[in-house]
Amino acid sequence: MVPMKPPLPDPRATARKEAERILNARDEFLTGPLERILKDSPFADRDALLSGLTDFHQERMSRIPDSTQFPQSGPWVEYALEVDKELQDLGKLSGQEMALYRSLGAYVTFRGFARFRHTPPERCRVAYLPKTDKGRMHIKNVDDPILFWKPQPPMEKSSLEEPPLFWDGVGNGMHIDDEPEEIFPLPIPLMCMSECKDVPTAVKFLKQYSSFWGAQNIVLRDDQRNAVAIEKASYNFIEIFEPEPDRPSYISGNFCRESPQAQHLERKRNEYVDLFDLPADGTDRAFWQACERAHNKLAALMNETEIKVDDVLKLFRTPWPEGLNKGGVKYHPDQTGDEEYTLITCALLLDEKTACKWQRDTKGRYPEQPEVVQAQ
């Protein structure tokens, strides 16, 4: 008997959660991202940006995927449209605000950065290690500007549950990119977790729907101990990194290992630098170089023959630039605002059934001792 797929999430419940989040932090989700772009582009016309964004969003929502080419997409299109309808009503959002919330990133990447300057924030690192001196380990540094930071509630034992398929990601944005043919905002992570039962089927699915998603790298692992790293800065590429047996899968924010995508990314960065006549030793180059340095630190440890949990924790918790823990240190003297902080370090020792979390408080202080949860 073929197992039945789980039902789609309730679009009304999803919309209620999103509306609550927006209503409690409109600056973070609506005005904040726009203001960051305008701060980087003081020459930009706000009205022109918003007009172009609104038009793009309307076009995006009308570009329904072909059900023959993408057979799983039909119910998910209906789900996405229903979520946005409910969200706009519950959140009392205008059409322009819906465009800001749902499509600002895609718009500036495909049609806007040729006129609006902006540096994507460098975010996060993830590693899954199937073999350490303490068994399997999954660890993540959550990096972001501290402007809107609110500490998370205490962990629960459910954080140690292992679902059939687990998705963890980091940001990997581009200044400018070629617009893909498919721009409808399918909820790819939700689709993947619903449609796929393990890493091999997930990889096949994500390749098929590659043009619908990007601006992130991900680690996928399943309850059969398969794992893979996927780099996806561009909607037009997908790079799969399958590890050797018992070797780690790992990803870094705003970085691509050598690949056709990495070559494309370098061309687009140079195009952006030339477009705005940016200096070779300016903040833009320094930003990408800092992303590469962070990845190289992670890769050096992940390539060790034997990896110890204490060494992984040390790397993730040691302040930058010696380690990967961002504490607001500027990557260039001319950098203004939006300094990166490691807001959370979360480590799961899966075989020992132990979760550890370090997170900054409201004043930005990073703790020496973690919060610890153990499953019985």
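Just so you know, these numbers come straight off a predicted model, no measurement behind them.

Engineer: Run through the nonpolar core, naming residues and quoting values.
Structural biologist: Residues Leu 186, Ile 188, Leu 206 and Leu 220 are the most contacted members of the largest nonpolar core, which totals 27 residues. At the level of secondary structure, the elements contributing two or more residues to this core comprise α4 (73-91), β3 (165-171), α6 (188-195), α7 (199-208), β4 (216-222) and β5 (227-232). Among all residues touching Leu 206, those that are not within four sequence positions of it are Trp 167, Ile 188, Cys 192, Trp 213, Ile 218, Leu 220, Ile 230 and Ile 238. Grouped together as the second largest cluster of nonpolar side chains are 24 residues, Ala 290, Leu 298, Phe 316 and Leu 349 included.

Engineer: Which residues make up the pattern of salt bridges, and what values do they have?
Structural biologist: Applying the stated criterion to the full structure yields 20 salt bridges. In this structure, Arg 111 and Glu 59 form a salt bridge, with 3.1 Å as the shortest nitrogen-oxygen distance. Here Glu 59 lies in helix α3 (residues 46-62) and Arg 111 lies in helix α5 (residues 95-112), a separation of 52 residues in the sequence. On the basis of relative accessibility, which here comes to 30%, the residue Arg 111 falls in the partly exposed class. Glu 59 sits in the partly exposed class, given a relative accessible area of 29%. Taken together, the salt bridges that share partners define one network made up of Glu 59, Arg 63, Arg 111 and Glu 179.

Engineer: Any details on α7? Residues and values, ideally.
Structural biologist: Those residues of α7 not exposed but buried are Val 199, Ala 202, Val 203, Phe 205 and Leu 206. Buried residues of α7 fall within an arc of 165 degrees about the axis and therefore sit on the same side. On the buried face of α7, the contacting elements are β3, α6, β4, β5 and β6 (239-241).

Quick notes on the rules
- Residues numbered from 1 in each chain as written.
- Predicted model: local features only at pLDDT ≥ 70, side-chain atom pairs only at ≥ 80, totals over all residues.
- Heavy atoms only, no water.
- Core = buried A, V, L, I, M, F, W, Y, C linked by side-chain atoms within 4.5 Å.
- Buried < 20%, exposed > 50% of the residue type's maximum accessible area, 1.4 Å probe, protein only.
- Helix = DSSP H or I, 4+ residues; strand = E, 2+ residues; numbered from the N terminus.
- Contact = heavy atoms within 4.5 Å.
- Salt bridge = Lys/Arg side-chain N within 4 Å of Asp/Glu carboxyl O.
- Arc of directions from axis to C-beta.

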